[in-house]
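Listed below are the residues making up each chain.
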Amino acid sequence: MIAKPKVIKAGTECDREQLKDYLLTLHYQKTDFVTRPGEFAERGSTFDIYPVTYRAPVRLEFEGERLHGIRDFSPIDGKSMSRFEEVFLLPVTDTFKKKISRLREKFEFYEPLTEARDLAQGDYVVHMKYGIGRFLGLKQLQVKGVRKKHFAIEYANREILYVDIKEPIEKYIGAEGYKPKLTKLHSAEWEKIKQRTRRAVHGIAHDLLQIQAKRQMQRGFALLKDQDWQRQFEEEFPFRETPDQIQAVCDVKKDLESKRPMDRLICGDVGYGKTEVAFRAAFKAILSGKQVAILVPTTVLAEQHYLVFKERVKNFPVSVEVLSRFRTRTYQNRIVKRIKEGEIDLVVGTHRLLSKDIGFKDLGLLIIDEEQRFGVRHKEKMKQMRSMVHVLTMTATPIPRTLYLSLMGMRDMSIINTPPQNRMPVETHVMEYHDEKIAQAVRRETARGGQIYFIHNRVQSIEKIHQRLKEWMPDIRFGVAHGQMAPLMLEKMMKEFMEKKIDCLIATSIVESGIDIPNVNTIIINRADAFGLADLYQLRGRVGRYREKRQAFAYLVIPKNWMMTSDAEKRLSAIVKFTELGSGFKIALEDLEIRGAGNILGHEQSGFIHAVGFDLYCRMLRQEVEAIRAHRNQKNTGQA
């Protein structure tokens, strides 16, 4: 029996589970993305449906159980076209299915690709032989009397090429918002682009192998094997280590116990435990009689690392200090003097640690957190230090597998892919600004003893927001933090928040990097449409770190009745879609892969990565490395 048609109206209560069940009775098909009539997709606080009689799919936006708004959108670029008061749903009948099938044959409709490649209609793709095109879908073609599926790819001048599905095509990966130029077929354009990229790749492969060869020849100092205090220190870690964490710790210890200077990169998603790996390395160096420096990009992060490490070593005779603009000039001078005299075992600091007046009595380990956030001059100083001491670099920028494979054997890397135990995905919602709803989110968190970040990234109006929130929630203890505050005031504010004397911290994006306060499990990001995808992902990563299972929430707030740009809408759609743990590696497809490449390969390579796409660039790099290695081995064999 076929269910009756249904009318859904904006502004009414609507149970999403019942709606899903009803759509199934109407014979709609549940998919990850809607691409054709008769499909629906459930994504967080939104419901996408492609009604069988509509020209485009519609998006139902919910606030709790209330249907807040209905609008249609393009399945190719996500751009919204118009808003509706109601949507009328007809059942998917056999007659309709046959009609769609006939239309597909007549008007060359393309099937969406649903394989592991994650390609969707409208995606840019790369074919090694033909270049960059736009993926249209799959099409059945008759070749020599046999019907076979082919990729349909649009190239420049609207030329469509049908490619056998056995031929390898890759999704084009570039920076967020970057649209590549479609390649002209029947021209030498693509070959020229590949040749230019090959020359660039040859240079960087040669440089990477040279660096590796030099490091193999350098002699450093080996740290002591693990002692009883090391084991005691590690047992005091309040969480259970993940398998990847354990492997990273083993990799680092092996490096530290060899006589070759360590230069290892630890990559992992936000909140996956990179800091603990660094702390264990630091403690090992201190027990071997060496000093340790932890270099971080922000004063707030310096203060946090200092407080956390100081707490970790409270049962051991270890001297820990911090050097940043939080401290007075007199205090800084005293710390600098004690570092030179060897009285301080570990110092955490910002770029202040790279100043000319800083000298260590016996520095053994330099830990660099988020190196890409430092300037060129600072990186040069780090480069000099690399040849003298053990260096451990951490980055929350996920390194894609293709790049990791390309760099294997050229750079020592440890990847932390496994989420900590009890970690749950952060429930993410997009909503228009509404005082009452924000108050509900804040009070829900404080009712369970938790704390909140309210991100407002404009210093000039942050106090206005503070006053408004206080008026709505006089019972909530608010604090304000931003980079233009007096150092002592900012330090006091962060300390009070960490000590749970403040319920909700209204802050700029200074909390984005590495801040780890497990009791904060709700984040509200005001004007979320103005943030980049990577920034949204990093900010959301500040919550969801509670030691036991506890649902965390992220609210992406946009102004009332605000029409976002299509790019902003895509960013918010992506962040809502990629909520599962380890999503950084998927979000990398939109933004982080290029940043990840830039961190390791140098930003001058990004133009070549844009030209051919990330995967093809990595494959070229790997082939070039293997070719240079083979040539050198052949040469060495001949000389022998």
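### Regarding the sheet that holds strand 18 (residues 363–369)
- The parallel open sheet is built from seven strands, whose spatial order is 16-17-15-18-19-14-20. Each edge of the open sheet carries a strand with a single partner, namely strand 16 (320–323) and strand 20 (412–416). For this sheet, the mean inter-axis angle between neighbouring strands, taken without regard to orientation, is 15°.
- When strand 14 (residues 263–268) meets strand 20, the two strands line up parallel, connected through five bridges. Within strand 20, the position partnered with Gly268 by the bridge is Ile416.

### A look at the pairing of strand 12 (residues 160–164)
- Inspection of the sheet shows strand 11 (residues 146–154) paired to strand 12 by five bridges, in the antiparallel sense. Its bridge partner being in strand 12, Ala152 is matched across the sheet by Tyr162.

### A word on the packing of aromatic side chains
- Per the stated rule, a full pass over the model turns up twelve aromatic pairs.
- With a centroid separation of 6.2 Å and an interplanar angle of 70°, the aromatic rings of Phe135 and Phe151 are classed as edge-to-face. A residue pair is termed long-range when its members are at least 10 positions apart, and Phe135 in strand 10 (residues 131–143) and Phe151 in strand 11 qualify at 16 residues.
- Overall, the relative accessible area of 0% leaves Phe135 in the buried class.
- Pairing Phe233 with Phe309 gives two aromatic rings, centres 6.3 Å apart and planes at 55°, and the pair type is tilted. A residue pair is termed long-range when its members are at least 10 positions apart, and Phe233 in helix 4 (residues 228–235) and Phe309 in helix 7 (residues 299–312) qualify at 76 residues. By the burial criterion, Phe233 is buried, and Phe309 matches it.
- One aromatic cluster is present, built from ring pairs that chain together Trp229, Phe233, Phe279, Phe283, Phe309 and Phe316.
- Its guanidinium or amino end placed over the ring of Phe221, Lys290 lies 4.1 Å from that ring's centre, counting from NZ or CZ.

### Some thoughts on the layout of surface pockets
- The computed volume of the second largest pocket comes to approximately 1,300 Å³.
- Broken down by element, the residue count for the lining of the second largest pocket peaks at eight residues, all from helix 7.
- By residue class, the composition of the lining of the second largest pocket is 16 nonpolar, twelve polar and 18 charged.

### Quick look at the sheet that holds strand 21 (residues 427–432)
- If you walk across this open sheet you meet the six strands as 21-26-25-22-24-23, and the pairing is parallel. Two strands in the sheet have a free side with no partner beyond their single neighbour: strand 21 and strand 23 (478–481). Direction aside, neighbouring strands of the sheet carry axes that sit 20° apart on average.
- As paired strands, strand 21 and strand 26 (residues 553–558) are joined by six bridges and run parallel to one another. Residue pairing across strands places Thr428 opposite Ala554, the latter belonging to strand 26.
- Packed onto the sheet, helix 11 (residues 435–447) meets strand 21, strand 22 (451–455), strand 25 (520–526) and strand 26 and runs at close to 165° relative to strand 25.
- Together, strand 22, strand 23, strand 24 (504–507) and strand 25 form the strand contacts of helix 13 (residues 487–498), whose direction differs from that of strand 23 by roughly 135°.

### Description of helix 14 (residues 533–540)
- Among the eight residues in helix 14, seven count as buried, and that is most of the element.
- Here helix 14 has its buried residues at Leu533, Ala534, Leu536, Tyr537, Gln538, Leu539 and Arg540.

### Re the packing of helix 4 against helix 6 (residues 274–287)
- At their nearest, the axes of helix 4 and helix 6 sit 10 Å apart, and the two run at 155° to each other. The angle between the axes of helix 4 and helix 6 places the two elements in the roughly antiparallel class. Handedness of the crossing formed by helix 4 with helix 6: right-handed. Along the contact surface, helix 4 presents Trp229, Gln230, Phe233 and Glu234, while helix 6 presents Phe279, Arg280, Phe283, Lys284 and Leu287.
- Residues belonging to the contact of helix 4 with helix 6 are distributed by class as follows: five nonpolar, one polar and three charged.

### Overview of the pattern of salt bridges
- If you walk through the whole model with that rule in mind, you get 36 salt bridges.
- With its nearest N and O atoms 3.1 Å apart, the salt bridge here joins Glu191 to Lys194. Taken as a pair, Glu191 and Lys194 lie in helix 3 (residues 189–217) at a separation of three residues, close to a single helical turn.
- Under the relative-accessibility criterion, Glu191 is labelled partly exposed at 39%.
- Residue class for Lys194 comes out buried when judged on its relative accessible area of 5%.
- With a closest N to O distance of 3.9 Å, Arg264 and Asp251 form a salt bridge. With Arg264 in strand 14 and Asp251 in helix 5 (residues 243–256), the pair connects residues that are 13 residues apart, well separated along the chain.

### Some remarks on a negative patch on the surface
- A surface patch of like charges, here negative, comprises Glu13, Asp15, Asp21 and Glu65.
- Of note, Glu65 is situated in the loop between strand 5 (58–63) and strand 6 (66–73).

### Some details on empty space enclosed by the protein
- Within this structure, the stated rule accounts for two cavities of 30 Å³ or more.
- Counted as a void, the second largest cavity has a volume near 30 Å³.

Calculation criteria
Residues numbered from 1 in each chain as written. Predicted model: local features only at pLDDT ≥ 70, side-chain atom pairs only at ≥ 80, totals over all residues. Heavy atoms only, no water. Pairing = 2+ DSSP bridges. Helix = DSSP H or I, 4+ residues; strand = E, 2+ residues; numbered from the N terminus. Axes fitted to C-alpha atoms, helices over the stretch in contact; angles between N-to-C directions. Phe/Tyr/Trp six-rings, centres within 6.5 Å; stacked < 30°, edge-to-face > 60°. Buried < 20%, exposed > 50% of the residue type's maximum accessible area, 1.4 Å probe, protein only. Lys NZ or Arg CZ within 6 Å of the ring centre and 35° of its normal. 1 Å grid on protein atoms, 1.4 Å probe; cavity = no way out; pocket = protein on both sides within 12 Å on 5 of 7 lines; lining within 4 Å. Points joined across faces, edges and corners; volume = space filled by probe spheres on them. Nonpolar A, V, L, I, M, F, W, Y, C, P; charged D, E, K, R; others polar. Contact = heavy atoms within 4.5 Å. Parallel < 35°, antiparallel > 145°, perpendicular 65-115°, else oblique. Left-handed = near helix turned anticlockwise from the far one by under 90°. Salt bridge = Lys/Arg side-chain N within 4 Å of Asp/Glu carboxyl O. Patch = residues over 30% accessible without salt bridge, like charges linked within 9 Å, V, L, I, M, F, W, Y side chains within 5 Å. Areas by Shrake-Rupley, 256 points an atom, 1.4 Å probe, with all protein chains shown as cover. Lys, Arg positive; Asp, Glu negative; His and termini not counted. Charge placed at Lys NZ, Arg CZ, Asp CG, Glu CD.

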